[in-house]
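# Commentary on secondary and tertiary structure
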Amino acid sequence: MIFAEKRQLRIPGPTPIPPQILRAGAQPMMGHRSGDFVELCKRVAAKVKTVFQTENDVFILTSSGTGALEAAVANTVSPGDQVLVLVSGVFGERFVKIANAYGAQVETIRCQFGHAIDPQTVTDALVKKPEIKVVFATHCETSTGVVNDLEKIAEAVHSSLGDPLLVVDTVSSMGGIEFKTDKWGIDLVVSGSQKAFMLPPGLAFIGVSDRSWDIIEANQSPRFYFDLRAYRKSLPKGQTPFTPAVSLFYQLEEALAMMEAEGFANIYQRHLLMRDMVRAAVRALGLPLFVAEDNNASATVTSILGPQGLDVEALRKLLNQKYKLVLAGGQADLKGKIFRIGHMGFAEPIDMLTVLATLELGLVELGWKLEGGAAVRAAEEVLVRG
Ligand SMILES: Cc1ncc(COP(=O)(O)O)c(C=O)c1O
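Worth saying up front: this structure is predicted, and the values here are computed from it rather than measured.

Before going further, it helps to spend a moment on the environment of Ala4. Tracing the sequence through the fold places Ala4 in the segment before strand E1 (8–9). In this structure, the C-alpha to C-alpha distance between Ala4 and Val376, residues 372 residues apart in sequence, is 26 Å.

In structure tokens:
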């Protein structure tokens, strides 16, 4: 095979890594208690707040995204507490599982997968149960490609009598879709390194609002590695409580510099453009979009429903083996039913044309009837219009 290492990784994380970020990771190791690390840690901790649009502290954990989800639960939920989880897919379910593991009494609002949570249902649930202490929500539900309206959900939460804490998973949106932590009043914001941040897996982020600290201090759940009180003590000293993934901190600094250079408005626009190109192309192919409503469609991942007669797993296998294009399948109940195109981080509109042309080739080889070039043409039209 020529160019055996060349691969188009278009899954919704981990995502491809820019060469300068790869190089940054190859810098010589430094001691994590050294003055150099202290400076590095202070620089990245200050800059990452810009991405989160917050004045709150954002702690950098050495863990996958789920570690930060667990940190959010372990620090805000005591056994027996009533919590509300908004479930629009697999990652909402993950909050349910973690909250159950910590002994919470879990209420859920579940929407049909492919749809977004209706903020009115949040208002209604909180009127019925004002004792709810924490609400857990997912911004981009990676398993379906829906983006939930966190501005409206936050309004519903904060205008309720109990005004519970609001915890939001932004693992597959932060840095790709605008998220206004302070303006919307989000208390705990969780994210991960391996998606729109253009980094390898291994770092997670958690922003914490001032009003969360009383609850965190008083919380009764056992916690050690993820005890946010320890991270709070270390941060002003440019430290982390335990040995951090130092190389990922080098890479984070490079990623933040790249993001700053591009400009956040441009980054969000680039992601929206990729979404619109992919959606126009999928429509031109006559394939059903799993998220029918454009307004609810994520700018970082698009899910496509396999219509009758199309074996989506066979399609993914063919694209991977023959063309080295890696797309994601469905998760849990959606396995075999949908496939997903990731378009976040180190991806630009022109890359989508290759993805879509390759997808067309795969579909034709599987006998799917289509007008050759239709997907690329539709995407190009969106690209030209900008
Ligand atoms: C929305 C969302 N939340 C949480 C996670 C879990 O992150 P990790 O796999 O890094 O633990 C993912 C991973 O895909 C995700 O997309």
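On to the site of the ligand. Residues in close proximity to the ligand include Gly13, Ser64, Gly65, Thr66, Phe91, Thr138, Thr142, Asp169, Val171, Ser172, Gly192 and Pro201, which together make up its full environment. Broken down by class, the residue content of the shell around the ligand amounts to three nonpolar, eight polar and one charged.

Put simply, helix H11 (residues 264–285) and helix H14 (residues 374–385) touch, their axes get as near as 7 Å, and they point 145 degrees apart. Crossing of H11 over H14 shows right-handed handedness. On H14, the residues that touch Leu273, Asp276, Met277, Val278, Ala280, Ala281, Arg283, Ala284 and Leu285 of H11 are Ala374, Ala375, Ala378, Ala379, Glu381, Val382 and Leu383. Here the residues of the contact of H11 with H14 are counted per class, giving 13 nonpolar, no polar and three charged.

Reading across from one edge, E2-E10-E9-E8-E5-E3-E4 is the order of the seven strands in this open sheet, with mixed pairing throughout. Bordering the open sheet on either side are strand E2 (57–62) and strand E4 (105–110), each of which pairs with just one other strand. Between one strand axis and the next, the sheet turns by 20 degrees as a mean value, whatever way the strands run. Strand direction decides the pairing type here: strand E8 (residues 165–169) and strand E9 (residues 188–192), joined by three bridges, are parallel. Opposite Val167, over in E9, you have Leu188 as the bridge partner. Running at roughly 160 degrees to E9, helix H3 (residues 65–76) makes contact with E2, strand E5 (134–138), E8, E9 and strand E10 (203–208) of the sheet.

For the rest of this paragraph, the subject is helix H13 (residues 349–365). The end-to-end C-alpha distance of H13 is 25 Å, a good match for the 24 Å that 17 residues give at a rise of 1.5 Å each. Listed as buried for H13 are Met352, Val355, Leu356, Thr358, Leu359, Glu360, Gly362 and Leu363. Summarising the contacts, the buried residues of H13 are in contact with E1, H11, helix H12 (312–323), strand E12 (325–326), strand E14 (338–342) and H14. Just beyond H13, the residue with positive phi is Gly367, at close to 90 degrees.

This brings us to unusual backbone geometry. The omega angle of the peptide bond from Gly13 to Pro14 is -5 degrees, so this bond is cis rather than trans. Here Pro14 shows up in the loop between E1 and helix H1 (19–25). Positive phi, close to 40 degrees, is recorded for Asp163, a residue that is not glycine. Considering the arrangement of structural elements, one finds Asp163 in the loop between helix H6 (150–158) and E8.

In a regular helix each residue adds 1.5 Å, so 12 residues correspond to 16 Å; H14 covers 17 Å between its end C-alpha atoms and thus fits that length. Here H14 has its buried residues at Ala375, Val376, Ala378 and Ala379. End-on view of H14: buried residues confined to an arc of 165 degrees, all on one side of the axis. With respect to the buried face of H14, the exposed residues turned more than 90 degrees away are Val384 and Arg385. Among the structural elements, H11 and H13 are those in contact with the buried residues of H14. Gly386 lies just past H14 and shows a positive phi near 75 degrees.

The domain architecture assigned to the chain consists of domain 1 (8–15 + 263–385) and domain 2 (19–260). Relative to domain 2, the C-alpha centre of domain 1 lies at a distance of 28 Å. Examining the composition of the side of domain 1 that touches domain 2, we find that four residues originate from one element, H11, more than from any other. In terms of residue class, the side of domain 1 that touches domain 2 is built from 14 nonpolar, 10 polar and one charged.

Turning our eyes to something else, we now look at the sheet that holds strand E11 (residues 301–305). Taking strand neighbours across the sheet as the criterion, the three strands line up as E11-E14-E13 in an open arrangement whose pairing is antiparallel. Looking at which strands have only one partner, the edges of the open sheet turn out to be E11 and strand E13 (328–329). Of the strand pairs in this sheet, E11 and E14 are connected by five bridges, and their pairing is antiparallel. Its bridge partner being in E14, Ile304 is matched across the sheet by Phe339. Contacting E11 and E14, H11 crosses the sheet at an angle of about 10 degrees to E11. Packing of H12 onto the sheet brings it into contact with E13 and E14, and relative to E14 it is tilted by some 35 degrees.

Calculation notes
Residues numbered from 1 in each chain as written. Predicted model: local features only at pLDDT ≥ 70, side-chain atom pairs only at ≥ 80, totals over all residues. Helix = DSSP H or I, 4+ residues; strand = E, 2+ residues; numbered from the N terminus. Near = placed C-beta within 6 Å. Nonpolar A, V, L, I, M, F, W, Y, C, P; charged D, E, K, R; others polar. Axes fitted to C-alpha atoms, helices over the stretch in contact; angles between N-to-C directions. Left-handed = near helix turned anticlockwise from the far one by under 90°. Contact = placed C-beta atoms within 7 Å. Pairing = 2+ DSSP bridges. Expected span 1.5 Å × (residues − 1). Buried ≥ 20, exposed ≤ 12 C-beta atoms within 10 Å, placed from the backbone. Arc of directions from axis to C-beta. Domains from an automatic or database assignment.

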